[in-house]
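# Summary of the model geometry
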Amino acid sequence: MKIYNTMNNHKEEFNPISNDKINMYVCGPTVYNYFHIGNARPFLFFDVVRRYFEYCGKKVTYVQNITDIDDKIIDQAIKEKSSFQEISERYTKAFYEDLQALNIRKADHNPRATEFINEMIELIRDLINNGYAYESNGDVYFKVEAFEGYGKLSGKNLEDLKAGARIETNNQKSNPADFTLWKKAKEGEPKWDSPWGAGRPGWHTECVVMSRKLLGGTFDIHGGGVDLIFPHHENEIAQAEAINGIRLANYWMHNGFLNINGDKMSKSLNNFFTTRDILKKYDADVIRFFFLSKHYRSPIDFNEDIIIESKTALNRFYEALGHIQILSLSDTKKDYDATLSGFIDGFKQAMEDDFNTAKAISILFDITREIWSDQNDTQKKQQAGLLLVELGQVLGFFSDLEKKLSSNVDQYAELLIQLFIEHRIQAKKDKNYSLADKIRQDLNAIGIELQDTASGTSWKVKK
RNA sequence: GGCGACAUCGCCAAGUGGUAAGGCUAGGGUCUGCAAAAUCCUCAUCCCCGGUUCAAAUCCGGGUGUCGCCUCCA
């Protein structure tokens with residue numbers, strides 16, 4: 001298994017700390033709104049990472065934090081004339097709902113920042129006592145020059161940071177690059193008591209405390225979006241390694257950004273799409289296909305055309321699974337021959353190469369071809385179908401096959417449709433094609449599509 | 001200004017030294033009374049210039065273009 005490690009900027013052999021157990025931590029949402037389609041990318045991708053490890057027989061402990069106290073939440077609370085608790089409560093709930101709708105499994109632990117305030121205060125106190133942080137007028141800052149390795153993840157050094165620093169309005173800091181550990185509460189803001197007065201912790205501290213508590217010392221994988229490399233992950237490393245004296249994480253994985261119609265998502269362009277809204281129009285598998293058909297580190301563009309393309313492509317899988325009536329095969333024993341086993345190897349090879357999901361998906365299309373191939377007997381086709389589902393589910397597809405492949409109409413409607421079909425067959429026998437076409441068109445108008453095949457006329461509900 | 005990434009068929013996208021996966025679209029075939037759906041077949045020498053090598057989309061140098069990060073945006 002090779003993983004691209006941001007720490008060294010190249011692919012490395014992945015050596016987990018424990019052979020059969022993998023610990024991973026992925027930065028979760030700040031719950032001040034519904035998450036947008038860009039946020040969905042890391043959630044979905046790391047879900048696949050986890051599924052793949054589990055497919056390989058590893059035990060995964062997956063931690064994803066929820067930032068439930070933060071400036072943005074406070075702003076939103078003011079805007080909605082609500083409390084920060086109400087806001088974070090509401091959008092935490094929405095977060096879980098949207099994850100489920102995307103068939104993203106919940107993490108093993110979803111620690112919330114407000115549950116760890118005491119631990120954060122302790123950490124900040126320890127940092128001060130060890131000379132890594134200082135208090136300044138009710139705020140506490142991390143002293144970046146005190147930590148030797150500062151900048152090692154993002155490839156920055158303090159000189160560059162100083163040169164590139166924006167105009168610093170905060171003169172409480174002794175160095176503009178120092179970052180906030182504790183923020184003094186302004187009038188009316190949420191606050192917790194601390195040795196430095198009432199306030200709230202800075203964002204970078206929570207992940208340090210939570211990962212230490214839930215994963216112990218050094219863990220295997222830390223993930224998130226590229227934008228988190230600096231400053232967030234850099235600052236996590238500084239705090240954790242200054243105090244613990246050991247590495248925070250061995251592998252740092254970062255997914256690329258998502259653009260909308262070629263533009264960066266931004267408020268001014270008003271091109272934010274919430275995942276929730278997109279799910280109203282497109283199936284979770286379509287969104288998943290869109291993401292996974294590109295490498296996770298590449299920047300990708302989200303637009304309507306590409307989603308429709310994903311939908312069309314994905315449909316090939318469903319057509320094939322419907323063709324062999326996969327639902328009736330639930331009790332069928334898996335018995336893959338050399339060809340099919342070869343696909344498993346190819347799939348694994350792709351995934352082991354820094355999670356090349358695009359390549360892995362191409363294997364799914366190869367398997368699909370086996371389902372249709374005239375060279376294969378029924379049994380082989382069925383086995384191919386079982387394999388398609390098995391590997392597809394490693395990528396998180398096919399979560400609700402029953403619902404997607406069944407017609408979902410009641411028995412009387414079904415009988416009526418059959419009745420129309422029989423009348424149409426009679427009309428065709430009588431060479432009354434105008435009537436036959438009318439029946440077909442009318443059924444089509446109410447969403448029932450007829451298809452004349454060699455074995456008779458079949459129908460399905462249009463999607 | 002500093003650091004870094006990327007540039008492959010009309011579109012999306014794999015590919016890190018041995019002679020270009022896959023998907024969408026398109027064209028052609030099969031099936032059909034006609035359709036639709038489905039399926040099968042066909043379709044690129046890899047931004048430009050130079051270099052290394054028996055051999056480069058893949059390595060090196062230069063150019064052009066696009067993009068990201070540089071204090072809280074996944």
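Here, every reference points to the structure presented above.
These lines cover the structure that appears in this document, whether it is placed above or below. This one's a predicted model, so the numbers in the text were calculated from it and none came from an experiment.

## Considerations on the protein's contact with RNA strand B
Around RNA strand B, a shell composed of 56 residues is seen, among which Lys72, Pro176, Ala177, Gly225 and Glu309 lie nearest. Backbone atoms, meaning sugar and phosphate, form 57% of the atoms of RNA strand B found within 4 Å of the protein. Between a sugar or linking oxygen of RNA strand B and a side-chain N or O atom of Asn39, the distance comes to 3.2 Å. Between RNA strand B and Lys156 there is a distance of 3.5 Å, counted from a base oxygen to a side-chain nitrogen or oxygen. Taken together, the residues of the surface near RNA strand B break down into 18 nonpolar, 17 polar and 21 charged.

## Some thoughts on the packing of helix α4 (residues 117–129) against helix α6 (residues 203–215)
Running from N to C, α4 and α6 cross one another at 105 degrees; their axes reach a closest spacing of 9 Å. On the basis of the axis angle, α4 is roughly perpendicular to α6. On α6, the residues that touch Glu119, Met120, Leu123 and Ile124 of α4 are Thr205, Glu206, Val208, Val209, Arg212 and Lys213. For the contact of α4 with α6, a count of residues per class yields five nonpolar, one polar and four charged.

## Topic: the sheet that holds strand β12 (residues 263–264)
In spatial order, the strands read β12-β11-β13; together these three strands make up an open sheet with mixed pairing. Bordering the open sheet on either side are β12 and β13 (300–302), each of which pairs with just one other strand. For strand β11 (residues 258–260) and β13, the ladder comprises three bridges, and the chain directions are parallel. Residue Ile260 lies in a different strand from β13, and its bridge partner there is Phe302. Together, β11 and β13 form the strand contacts of helix α9 (residues 284–292), whose direction differs from that of β13 by roughly 150 degrees.

What counts, and at which threshold
- Residues numbered from 1 in each chain as written.
- Chains lettered and ligands numbered in written order.
- Predicted model: local features only at pLDDT ≥ 70, side-chain atom pairs only at ≥ 80, totals over all residues.
- Heavy atoms only, no water.
- Near = heavy atom within 4 Å.
- Polar contact = N/O pair within 3.5 Å; in protein donor to acceptor, adjacent residues only side chain to side chain.
- Nonpolar A, V, L, I, M, F, W, Y, C, P; charged D, E, K, R; others polar.
- Axes fitted to C-alpha atoms, helices over the stretch in contact; angles between N-to-C directions.
- Helix = DSSP H or I, 4+ residues; strand = E, 2+ residues; numbered from the N terminus.
- Parallel < 35°, antiparallel > 145°, perpendicular 65-115°, else oblique.
- Contact = heavy atoms within 4.5 Å.
- Pairing = 2+ DSSP bridges.

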